[in-house]
Amino acid sequence: MLIRCAHFAKPAASEITPRHLAESRRLFLSQLAAGVLSATGVALDAASAEGGMRQLTAPANPAFTAKDKPTRFDDATTYNNFYEFGMDKGDPAIYAGSLKTRPWTVRIDGEVKKPLTLDIDALLKLAPLEERLYRLRCVEGWSMVIPWIGYSFAELIRKAEPTGNAKFVEFTSLADPAQMRGVNSRVLDWPYTEGLRIDEANHPLTLLCVGLYGQVLPNQNGAPVRIVVPWKYGFKSAKSIVRIRFTEQQPRTAWGRAAPEEYGFYSNVNPEVSHPRWSQATERRIGEDGLFTRKRKTLMFNGYPEVASLYAGMDLKKFF
Ligand SMILES: Nc1nc2c(c(=O)[nH]1)N[C@H]1C(S)=C(S)[C@@H](COP(=O)(O)O)O[C@H]1N2
Ligand SMILES: [Mo]
């Protein structure tokens with residue numbers, strides 16, 4: 001069963017572009033059938049299908065604005081990994097409309113002075129929102145550049161008041177088979193969980209994310225709240241989070257449980273450490289799909305060298 005999963009099989013480079021195009025065509029047709037397209041033929045996002053585009057603007061933070069050209073909104077919202085809604089890149093955009101993002105609470109517990117359950121609308125107001133243009137690179141070898149909206153996860157850590165025993169943070173995504181058709185398949189051991197060391201979670205780059213491109217997060221991108229850790233492979237950035245647990249022990253992760261030798265706890269973007277079945281030295285930037293487009297060289301820490309000090313003295317081949 002694991003064989004069918006994209007993270008377990010390297011797609012042939014020649015397959016990628018046509019497949020990507022085929023999927024957006026498929027998405028267009030299915031949205032047309034589902035009535036998600038407006039009369040003008042403009043695709044509305046998942047939130048708008050429920051009732052009105054939900055604008056969410058925030059000032060750009062120049063300290064966190066990548067120099068790269070942003071990926072097209074349509075690419076960022078139709079080429080997704082969100083296995084709770086299926087394994088094809090187009091599945092989340094087609095099927096995530098069934099996710100109900102209100103009411104929504106996030107449980108904060110474990111090694112904290114006082115466990116609490118935060119309503120999503122309280123979570124949104126915990127700190128001023130800002131826009132950050134981050135690169136995000138998938139372990140499969142493609143990357144995007146997205147104007148995310150949120151605030152540093154460190155703000156939430158401050159609010160949670162972890163105890164002195166808290167060494168790690170575990171993120172748990174929703175796993176409701178009634179809303180998420182992919183959870184009925186056993187491709188992963190649900191719920192999806194991820195984790196960070198507490199100093200990684202406290203790094204100002206680590207973003208608690210609630211929006212992108214000036215609007216609330218589309219469901220397929222992890223509504224209503226996700227994490228974005230730009231110097232790590234994309235799968236570390238858990239979507240649709242319902243629980244944040246502070247722990248003393250290193251938490252287990254969904255991908256780590258599925259294939260520990262392939263998905264290490266750290267999973268820092270590192271061109272020098274190959275995935276056991278393919279090189280991580282280069283990447284394809286989504287949108288740069290021309291016939292003669294060269295792959296980009298993958299940068300250490302995805303081009304965020306400021307995080308290097310978190311790993312001083314660690315052998316990153318061992319702690320991959
Ligand atoms: N809950 C959950 N979070 C997830 C995933 C998933 O399947 N389930 N996929 C991950 C992977 S592999 C990637 S590359 C990113 C993709 O984020 P995006 O679709 O918003 O670009 O989400 C990550 N977060
Ligand atoms: Mo990924």
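Values in this document were obtained by computation on a predicted structure and should not be read as measured data.

Q: What's the story with the side chain of D68 in this structure? I'm lost.
A: Along the chain, D68 turns up in the loop between β1 (60-65) and α3 (73-76). Residue classification places D68 among the buried residues on the basis of a relative accessible area of 17%. In terms of polar contacts, D68 uses its side chain to reach the side chain of R285, at 3.0 Å. If near-sequence neighbours (up to four positions away) are discounted, D68 is found in contact with L133, R135, V145, R285 and R296.

Q: Is there a simple way to explain the site of ligand 1 in this structure?
A: Taken together, 18 residues are adjacent to ligand 1, and N80, Y83, E84, R226 and K239 come closest. Within the contact set of ligand 1, a nitrogen atom lies 2.9 Å away from a side-chain nitrogen or oxygen of S173. Separating an oxygen atom of ligand 1 from a side-chain N or O atom of K239 is a distance of 2.7 Å. Within the complex, 98% of the 530 Å² of free accessible area of ligand 1 lies under protein.

Q: Can you help me understand the confidence of the model for the protein in this one?
A: Atomic detail in the predicted coordinates should be set aside for any region of low pLDDT. Of the residues in the protein, 83% reach a pLDDT of 70 or more, and the chain-wide mean stands at 89. Considering only residues more than four positions removed or in separate chains, one finds that residues 9-25, a stretch of pLDDT under 50, has 18 contacts. Of the regions scoring below 50 in pLDDT, residues 31-52 engages in 25 contacts with residues more than four places distant in sequence or in other chains.

About the criteria used
- Residues numbered from 1 in each chain as written.
- Chains lettered and ligands numbered in written order.
- Predicted model: local features only at pLDDT ≥ 70, side-chain atom pairs only at ≥ 80, totals over all residues.
- Heavy atoms only, no water.
- Helix = DSSP H or I, 4+ residues; strand = E, 2+ residues; numbered from the N terminus.
- Buried < 20%, exposed > 50% of the residue type's maximum accessible area, 1.4 Å probe, protein only.
- Polar contact = N/O pair within 3.5 Å; in protein donor to acceptor, adjacent residues only side chain to side chain.
- Contact = heavy atoms within 4.5 Å.
- Near = heavy atom within 4 Å.
- Areas by Shrake-Rupley, 256 points an atom, 1.4 Å probe, with all protein chains shown as cover.
- pLDDT = per-residue confidence, 0-100.

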